[in-house]
Amino acid sequence: MDKTFDFAKNEPLIYNKWLDGNAFRAEVNPDKKPYTVIMPPPNVTARLHIGHAFGLTVQDIIVRFKRMQGFEALFLPGADHAAVATDVKVREELKKRGIDPNKISDAEFLQHVEEWYKIYTEQIKEQMKRLGLSCDWSRFTFTKDPCAAKAVDTVFNNLYKKGLIYKGSRMVNFCPGCKSALSDAEVEYKTVERTMYHIKYDTITVATVRPETIPGDVAIAVNPKDKRYAKFVGTTVTNPLTGAKIPVIADDYVDMKFGTGALKITPAHDMADAEIGARHGLKPIILKTEDLTDEARLRAIEVLKKSGALVKEQKYTGNISVCYRCFRPVEPTISEQWFLKMRDLAKPAIEALNNGLAIVPKKYEKIYLHWLNNIKDWCISRQIKSGYKIPIKGETDTLDTWFSSALWPFCTLGWPDNTPDFKYFYPTQTLVTAYEIIFFWVIRMVFSGIEATGKLPFERVVFTGLVRDGQGRKMSKSLGNGIDPVKIIDEFGTDVLRFSLIVGTKLDRDPRYSMEKATLTRNFINKIWNATKFFENMQTPAVATPAPKATALRPADKWILTKFNNLIKSVTKKYEKFDFGVAAAELQHFFWADFCDWYIEESKQTNNPEVYHDVLSAFLKLISPIMPFVTENIWTEVLGNRTSLLSATFPIPNPKYNFPKEFKEFEQHIERIKTERNAKSEAENAVKKIEILKKEIARGEQVLANKGFVDHAPKELVAKERTKLEENRKLLKELGK
RNA sequence: GGAGAUUUAGCUCAGCUGGGAGAGCAUUCGCCUUACAAGCGACAGGUCGUAGGUUCGAUCCCUACAAUCUCCACCA
């Protein structure tokens, strides 16, 4: 064997061996139960980052585990065309090449988009392969593939026929950067400092941060309880920019304590104003976009200053709504868009939580429900070029990219056709995704799946956290604390990346990653490698000592077998609960502390290669979903197995290997040795030990003197305390000599 | 404003149905012991956020408070 595991050489060899053997291919197989995981398709706009690596590793662990449990496991890979994001990227790329994207024809532009798709889809596939994902590549799907297009068409038309999709002139958030309408979910909030202007409308002064919208004002609103303004309600005031007479109205919405307590109403350019305007039957005045710029604001201020209407300026810190893609402030505007009626679609999605949909971790259930219970109609039209055209004759708008993403779990399996794949693999079992896209994607998949197929798209959704750095900070370019997963693979190998990403994480918190984890994992893999070397030497005739027969199990054998049985139980339970972080930690601890530090040491004088072999190979199986390469290498190259670990069965505890008596004895044996070592390294140990014993005895006496404890506590516990006390007294006597 | 989560050793985190606080790393000390110095052995480190309550017994259950974080809503 080499000195260390040569991952650079072996990992690609092993992966290609799997590919050549069609090992990841899932077939329709009536003799087996299917287990389907559809991959959330990464955008074709970027390289895979550490967050992708984490999520994809979690999925691959699930699939490999289920495959070993005998399921027909399908991991279906794909990539997303990411309409808006790709649009931006392609424009940038064209400008770099000296082409003005606005001067070429639509057809030409779309051709460049197609090119982009091709190049970056291949790049993404390559990166996924480097992560060691056991995907069925024959089923790779791109969100612009014909099957997806057919699904989009079918779903849109069905919803349209049902009257759930409608076109209407309504208040929507418009992004001046993306030059498109957005859905509510696509709007984020950012805290910024702005200037608040106090402006006189005759007798009433209002405070506003957007004086450029004054020409759109149709009223001034005050709180009906506000005594200061009661006398003005019902009168009119003059718009300081247009000279128009506008009414003073009373509305509960107005906060008396905020600003001057008087609110200008601009129904065409503010969400709240639109509602107030509608309540009072006011007709909105729609302004042109060029009249809503920063320059327009400065012009308005100039005019107001000259006329004396501007009475005060003050700094104000508050939230502004921005586009989640380009982060530019969005402009609420009345415009004609396509909407999806949500009320009826949301109902079954809400009920799904009682009808077979599990959300893991559970804490996301409330977030899921809250959003669905407060859902508004979904603006599905976008004014950008790439993406799916709205399938109505003459429409130039495209669909929100999430409209097609929502169909992902079934369009990838052949729907709307009732294909054998669809019949067998749908509904899918587990969807793994980041909690950030619960609204964008997960909820929309649920209601779209129920609506289109009559079934839930998945039995459960598992949410993963956001990968942070060692100190818990977000990884970001400006902090320079980002870690490129491909770099870890280059330096340490895929096994190291996968295990180090997983170990110590919990699903309900954000995972943390640092280079330290990578080196620790490298050391662990080296440990596994060397323990295997020890086994090879054990078997070499020159070194071998007369080994006991398999039936003649030594105490150490019985101990490790019992310990390993317990490990299998515990690890399997954790895998089933998707608690891979703790499973990984337990596996590592068992191997290092129990198997290497104690069992190997006990095997240096006499040994039992059969037991060693059994435990080692079962351990390799147990950890292989997380660490597929080095385990496969040892499994085939060193242990001489002909078939891949992929097709091995996941270990189940062996009832024969349960020796509670010998187990306890060996644990005591370990304790004794530790005490001896301790005595050796610390001369004054005896004095110390006496102190501890005295304390222990005092504690035991106190506990047993407590009548409540003796009467109420379980009998075994009381008995245990009694014997412990006696033993300690005996020991103290011996040491006292 | 509404909701949720977290708080355990210097750091990062485990602790299943309440029954004497655990790991890894870091620190300190001693070791090249024939699988491994990417290693081995050992010591030291904790009023389990604060204050009450339930219980024979609370890190665990209940109440209040505090700090940190996240999501949602958003007031001109």
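Everything below is about the structure printed above this text.
Right, let's walk through the structure included here. These numbers come from a predicted model, not from an experiment. Per chain, the residues get numbers from 1 upward, laid out in the order the sequence is written. Think of it this way: whatever chain is written first is A, whatever ligand is written first is 1, and the rest follow in order. Two thresholds apply to this predicted model, a pLDDT of at least 70 for residue-level local features and 80 or more for giving and counting side-chain atom pairs, whereas whole-chain, interface and lining totals are computed over all residues. Water and hydrogen atoms were dropped before computing side-chain values, which therefore reflect all heavy atoms in the structure.

Secondary structure follows DSSP: runs of H or I at least 4 residues long count as helices, runs of E at least 2 residues long count as strands, and numbering of each begins at the N terminus. Along the backbone of chain A there are 24 helices and 22 strands. Our radius of gyration looks at C-alpha atoms and nothing else; its globule reference is 2.2 Å times the residue count to the power 0.38. A globule of 737 residues ought to have a C-alpha radius of gyration of about 27 Å, yet chain A, at 34 Å, is considerably larger. For chain A, the spread of C-alpha atoms along the principal axes amounts to about 105 × 65 × 50 Å. Expressed as a percentage of the 737 residues in chain A, the buried residues total 50%. Note on classification: 1.4 Å probe, protein chains only; a residue is buried when its accessible area is under 20% of the maximum for its type, exposed when over 50%, partly exposed between these limits.

Turning our eyes to something else, we now look at the sheet that holds strand β14 (residues 331-340). In sheet architecture, strand pairing relies on hydrogen bonds along the backbone and comes in two forms, parallel and antiparallel. Strand order in this open sheet of four strands is β6-β5-β14-β16, and the pairing throughout is antiparallel. Across the chains shown, the open sheet's two edge strands, defined by having one partner strand only, are β6 (180-182) and β16 (378-379). The sheet contact formed by strand β5 (residues 165-175) and β6 spans three bridges and is antiparallel. From the neighbouring strand, F174 faces β6, where its bridge partner is A181. When DSSP finds two or more bridges between a pair of strands, those strands are recorded as paired.

Take the packing of aromatic side chains next. How two aromatic rings sit relative to each other is set out by the distance from centre to centre and by the angle between their planes. Between rings of Phe, Tyr and Trp, where Trp is taken as its six-membered ring, a pair exists when centres lie within 6.5 Å; planes separated by under 30 degrees are stacked, by over 60 edge-to-face, and by other angles tilted. Counted according to the given criterion, the structure contains 45 aromatic pairs. Ring centres 6.3 Å apart and planes at 15° place the aromatic pair F156 and Y160 in the stacked group. Of this pair, F156 and Y160 both sit in helix α5 (residues 146-161), four residues apart, which is roughly one turn of that helix. A residue is classified by how much of its surface remains accessible, and F156, at 0% relative accessible area, is buried. Taking relative accessible area as the criterion, Y160 reaches 39% and is therefore assigned partly exposed. Summarising the aromatic geometry, the rings of F578 and F580 are spaced 6.3 Å apart at their centres and angled 80° between planes, so their arrangement reads as edge-to-face. Using a relative accessible area of 4% as the deciding quantity, one classes F580 as buried. Taken together, the aromatic side chains of F499, F524, F534, F535, F564, F590, F591, W592, F595, Y599, Y612 and F619 make up a single cluster linked through ring pairs.

Spatially, β10-β11-β9-β12 is the arrangement adopted by the four strands of the open sheet, whose pairing is mixed. The open sheet terminates on both sides in strands that have one partner only, identified here as β10 (236-238) and β12 (262-265). Strand-to-strand twist of the sheet, defined as the mean angle between neighbouring strand axes without regard to direction, takes the value 35°. One ladder, built from four bridges, connects strand β9 (residues 219-222) with β12; its direction is antiparallel. Bridging from a neighbouring strand, A221 pairs with L263 of β12. All axes here are fitted lines through C-alpha atoms, helices being fitted over the stretch that makes contact, and every angle between N-to-C directions spans 0 to 180 degrees.

Looking now at empty space enclosed by the protein. Both site types are read off a 1 Å grid over the protein atoms alone. A 1.4 Å probe that fits but cannot get out defines a cavity, while an open set with protein on both sides within 12 Å along at least five of seven lines defines a pocket; lining residues have an atom within 4 Å of a point. Grid points are joined across faces, edges and corners, and a volume is the space filled by probe spheres set on the points. Counted according to the given criterion, the structure contains five cavities of 30 Å³ or more. Contributing elements (two or more residues each) for the lining of the largest cavity: α2 (50-68) and α18 (580-602). Asp, Glu, Lys and Arg are counted as charged, while Ala, Val, Leu, Ile, Met, Phe, Trp, Tyr, Cys and Pro are counted as nonpolar; the rest, among them Gly, fall into the polar class. Class assignment for the residues of the lining of the largest cavity results in six nonpolar, two polar and two charged. Estimates place the volume of the second largest cavity at around 50 Å³. What lines the second largest cavity is W18, R64, M68, S624, P625, P628, E632, L645 and L646. Looking at the lining of the second largest cavity, the elements that each hand over two or more residues are α2 and α20 (628-638). Looking at the lining of the second largest cavity residue by residue, the class counts come to six nonpolar, one polar and two charged.

Moving on, we get to a positive patch on the surface. Taken together, K363, K506, R509, R512, K573 and K577 make up a surface patch of like positive charges. In this fold, K573 is placed in helix α17 (residues 555-576). To count toward a patch, a residue needs a relative accessible area above 30% and no salt bridge. Like charges then connect within 9 Å, nonpolar side chains (Val, Leu, Ile, Met, Phe, Trp, Tyr) within 5 Å. Per-residue and other accessible areas follow the Shrake-Rupley method at a 1.4 Å probe size, with only the shown protein chains counted as cover for residues. Whenever a carboxyl oxygen of Asp or Glu lies within 4 Å of a side-chain nitrogen of Lys or Arg, that contact is scored as a salt bridge. Here the positive residues are Lys and Arg and the negative ones are Asp and Glu; neither His nor the chain ends is included. Note on charges: their place is set at NZ of Lys, CZ of Arg, CG of Asp or CD of Glu.

Let us look at the pattern of salt bridges. Evaluation of the coordinates by the stated rule reveals 39 salt bridges. Between D136 and R25 there is a salt bridge whose closest N-O contact spans 3.8 Å. Of the two residues, D136 sits in the loop between α4 (106-130) and β4 (141-142) while R25 sits in the loop between α1 (7-20) and β1 (34-38), which places them 111 residues apart along the sequence. Between K558 and E662 there is a salt bridge whose closest N-O contact spans 3.3 Å. Highlighted residues: K558 in helix α17 and E662 in helix α21 (residues 660-681), separated in sequence by 104 residues. Through salt bridges with shared partners, a single network forms among R25, E27, D136, R139 and D421.

Put plainly, two cysteines are in a disulfide when a covalent bond ties their sulfur atoms together. The disulfide criterion is simple: two cysteine sulfur atoms within 2.5 Å. One pass over the structure, following the stated rule, counts zero disulfides. Of all cysteine sulfurs in the structure, the one in C147 sits closest to C411, which takes part in no disulfide; the separation is 5.3 Å. Looking at C411, the relative accessible area reads 1%, which means it is buried.

Within a regular strand, the side chains alternate between the two sheet faces. With four of five residues buried, strand β8 (residues 204-208) is to be regarded as a mostly interior element. Sheet topology places strand β7 (residues 187-201) next to β8; five bridges connect them, and they run antiparallel. Counted as the bridge partner of I199 is V206 from β8. Once β7 ends, the chain turns through two residues before running back antiparallel as β8, passing D202 with a positive phi of about 55°.

Our focus in this paragraph is the protein's contact with RNA strand B. Here a residue is considered near a molecule or strand provided that any single heavy atom belonging to it is located within 4 Å of it. D255, F258, Y316, E696 and R699 are the nearest of the 53 residues found near RNA strand B. Of all RNA strand B atoms lying within 4 Å of any protein atom, the proportion belonging to sugar or phosphate reaches 55%. The definition of a polar contact used here is a pair of N or O atoms within 3.5 Å, where within protein one atom must be able to donate a hydrogen and the other to accept one, and adjacent residues in sequence count solely through side-chain atom pairs. Here W592 contributes a side-chain N or O atom positioned 2.7 Å from a phosphate oxygen of RNA strand B. Here the element with the most residues in the surface near RNA strand B is helix α16 (residues 515-539); it accounts for ten residues. For the surface near RNA strand B, the class distribution of residues is 19 nonpolar, 15 polar and 19 charged.

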